[in-house]
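Reading the structure
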Amino acid sequence: MHLPKLMKDKIIKYIQDEFITDDSILTPETKLISSGIIDSFSLVSLQSFIEREFGKRIPNPKMTVENCDTVVKLIDLINQF
Amino acid sequence: MITSPVFFIILIPTFILYWLIPDKYKIRQILLVISSFVFLYIFDLSAMIITLILTIYTYSGGYFIGSRKNLNLAYWLLIGGLLICLIFFKYIGLLVPAFDSLNTFVKIFPKFELKNILLPLGISYIVLKHISYLTDIKWGIIKKQDFIFFLTYSSFFTIFTAGPIERYEKFQPQLENRGDKFEWKYLDEGFQRIIFGLFKKFVLANWIAFFINPVLQNQNDYTFELKSLALLGFSLQIYFDFSGYSDIAIGSSRLFGFKIMENFNFPYLKQNISQFWRSWHISLSEWIRDYIFMPLARLSTNKIWFYFFAPVISMGICGIWHGAKWGFLLWGIWHGIGLSAYQIYRKNVKKKYANSIFVNSLSVLLTFIFVTLGWYFFIN
């Protein structure tokens, strides 16, 4: 079982390194999908990262704005599976 | 269909009755099914029969794969059945010239008469809804199954002909016996949205169509400049037309207290093609994303596959879903290439000038031009 903080740090680092192309700093509340940081392509990579790192497979229809628009929401989603 | 008087003649008494009868024993859902079948019976008897058959087929299949584990073969057979149904009714016409030319060499195919092939109303929408239903059962998203609820979902006349392609997972909780009582906000919000949709369709879209249709229908008679202007007009017309339909569908559903997903979100004000597709025909683009693009993209880690073939194939399918015309396929491929090119740009170019008004406005303009050029394939 991953501690939420460890999970949060890992996800933030991954998104920051992979998808943020300017100098902005990602926070747990930064909008990911609605701001355009994450799109369909990034969602596939993020989904694979979650599976690899935390052993959780999130079904595609669950990867929505409502469920993963921030790192906090994403962690809630991961913990549902 | 949902702009015809018949639609409203069915909608109004259904709305009144819906709120008069008690919310128990699924009576309200049965009323919606009856109204939907009356609607289908009036417009297209074949669609009514096919809806019933497909609903029984998909529900039984879903029940079967939902009650057992590791039924991949059964799942694919069920999906195959739905796809065969779609191909038979919708795309056989596309293959007729190929059959005919083959027949000139070897007479193995029967002679097809296009007029004998039915195109049942709403077939494209119902097949997508049923595929997502079965897949969501397989993925463990849908756990509770109920035939009356599924029949209501499959046939619901407000979203039957022009979407949005609502997901069962979101629709079912709204169908559960909620003990709902009528609220004025349902009438208020629903009525406003319907009026807004009718305005978009009958005033804006039809007014633009009045000017551009003569040019689009006789393109050889007009200059390049006029044809370009007509293409620009078409870009606006199709938006007002289709988003108008969606407004009517969403508003009509709201009369019954349902919240149907939004289908458009100012798509022509987006800064790139990726954002455009999150705002244009959202229910379809999300469907394509969840059930075609993401599974395809995960097939291989090869970058060319991921950044080029997966989006191009997905958008090609999205294009051909619109109808049996090669132009639709080319339109989809055009957008697939656009999405692919944008990803490559995004990966390699740092956003140095992000948030500058000039760059943002230019991005909106370039995206609009790209989308407008794409409509050329769509209409030819």
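Not measured: the values here are computed from a predicted model. (Residues numbered from 1 in each chain as written. Chains lettered and ligands numbered in written order. Predicted model: local features only at pLDDT ≥ 70, side-chain atom pairs only at ≥ 80, totals over all residues. Heavy atoms only, no water.)

Taken together, the contacts link 26 residues of chain A with 27 residues of chain B. Overall, the association of chain A and chain B removes approximately 2200 Å² of surface from exposure, summing both partners, and the carbon and sulfur fraction of that is 52%. Put simply, chain A and chain B have four salt bridges between them. Of the charged contacts, one joins Lys62 of chain A and Glu169 of chain B as a salt bridge, the two residues approaching to 2.7 Å between their closest N and O atoms. Between the two partners, chain A and chain B, sit twelve residue pairs in polar contact (both at pLDDT 80 or more). Of all elements in the fold, only α1 (4-19) and α2 (40-54) of chain A reach the threshold of two or more residues within the side of chain A that touches chain B. (Contact = heavy atoms within 4.5 Å. Buried area = accessible area lost by both parts, 1.4 Å probe. Salt bridge = Lys/Arg side-chain N within 4 Å of Asp/Glu carboxyl O. Polar contact = N/O pair within 3.5 Å; in protein donor to acceptor, adjacent residues only side chain to side chain. Helix = DSSP H or I, 4+ residues; strand = E, 2+ residues; numbered from the N terminus.)

Residues and elements named next belong to chain B. End to end, helix α14 (residues 357-379) covers 33 Å across 23 residues, agreeing with the expected 33 Å (1.5 Å per residue, within 8%). Three or more residues of α14 are buried, namely Asn360, Ser363, Thr367, Phe368, Val371, Thr372, Gly374, Trp375 and Phe378. Among the structural elements, α9 (224-254), α10 (273-277) and α13 (326-348) are those in contact with the buried residues of α14. (Expected span 1.5 Å × (residues − 1). Buried < 20%, exposed > 50% of the residue type's maximum accessible area, 1.4 Å probe, protein only.)

Turning our eyes to something else, we now look at the pattern of salt bridges. Using the criterion set out here, one finds 18 salt bridges over all chains in the structure. Measuring nitrogen to oxygen at the nearest pair gives 2.9 Å for the salt bridge that ties Lys10 of chain A to Glu53 of chain A. Taken as a pair, Lys10 of chain A in helix α1 and Glu53 of chain A in helix α2 lie far apart in primary sequence, 43 residues in all. With a closest N to O distance of 2.4 Å, Arg298 of chain B and Glu51 of chain A form a salt bridge. Of the two residues, Arg298 of chain B sits in the loop between α11 (282-297) and α12 (303-321) while Glu51 of chain A sits in helix α2, which places them in two different chains. Relative accessible area serves as the criterion here: at 26%, Arg298 of chain B is assigned to the partly exposed category. Through salt bridges with shared partners, a single network forms among Arg193, Lys200, Asp247 and Glu262 of chain B.

Moving on: the nonpolar core. Ranked by size, the top nonpolar core spans 133 residues in total, and within it Ile11 and Ile15 of chain A together with Trp375 of chain B carry the most contacts. Per-element tally for this core: the top contributor is α9 of chain B, with eleven residues. (Core = buried A, V, L, I, M, F, W, Y, C linked by side-chain atoms within 4.5 Å.)

Looking now at the packing of aromatic side chains. The description of two aromatic rings rests on the distance between their centres and on the angle between their planes. All names here are of chain B. Evaluation of the coordinates by the stated rule reveals 63 aromatic pairs over all chains. Seen from their ring centres, Phe7 and Phe8 are 5.1 Å apart, and the 85° between their planes marks the pair as edge-to-face. For the pair Phe7 and Phe8, a shared accessibility class is recorded, and that class is buried. Between Tyr59 and Phe147 the ring centres are 5.2 Å apart and the planes differ by 75°, which places this aromatic pair in the edge-to-face class. A residue pair is termed long-range when its members are at least 10 positions apart, and Tyr59 in helix α3 (residues 45-67) and Phe147 in helix α6 (residues 147-155) qualify at 88 residues. The ring of Phe328 carries Lys325 above its face, with NZ or CZ at 4.6 Å from the centroid. (Phe/Tyr/Trp six-rings, centres within 6.5 Å; stacked < 30°, edge-to-face > 60°. Lys NZ or Arg CZ within 6 Å of the ring centre and 35° of its normal.)

It is worth spelling out the confidence of the model for chain B at this point. The pLDDT averaged across chain B works out to 89; a share of 91% of its residues lies at or above 70. As a predicted assembly, this complex carries a pTM of 0.89 together with an ipTM value of 0.87. (pLDDT = per-residue confidence, 0-100.)

Residue and element names in this part refer to chain A. Note on placement: Thr70 falls in the loop between α3 (65-68) and α4 (71-79). A relative accessible area of 2% places Thr70 in the buried class. At a separation of 3.1 Å, a polar atom in the side chain of Thr70 contacts the main-chain amide nitrogen of Lys73.

Burial of α6 of chain B is extensive: seven of the nine residues sit out of reach of the surface. Measuring from the side-chain oxygen of the N-cap residue of α6 of chain B to the backbone nitrogen of Ile148 of chain B gives 3.0 Å; that N-cap residue is Asp146 of chain B.

This part is about the environment of Val44 of chain A. The residue Val44 of chain A is located in helix α2 in this model. Considered as a pair, Val44 of chain A and Met63 of chain A are 19 residues apart in the sequence and their alpha carbons are 9.3 Å apart. Contact partners of Val44 of chain A, with chain neighbours within four places excluded, come to Phe293, Met294, Ala297, Arg298 and Phe306 of chain B.

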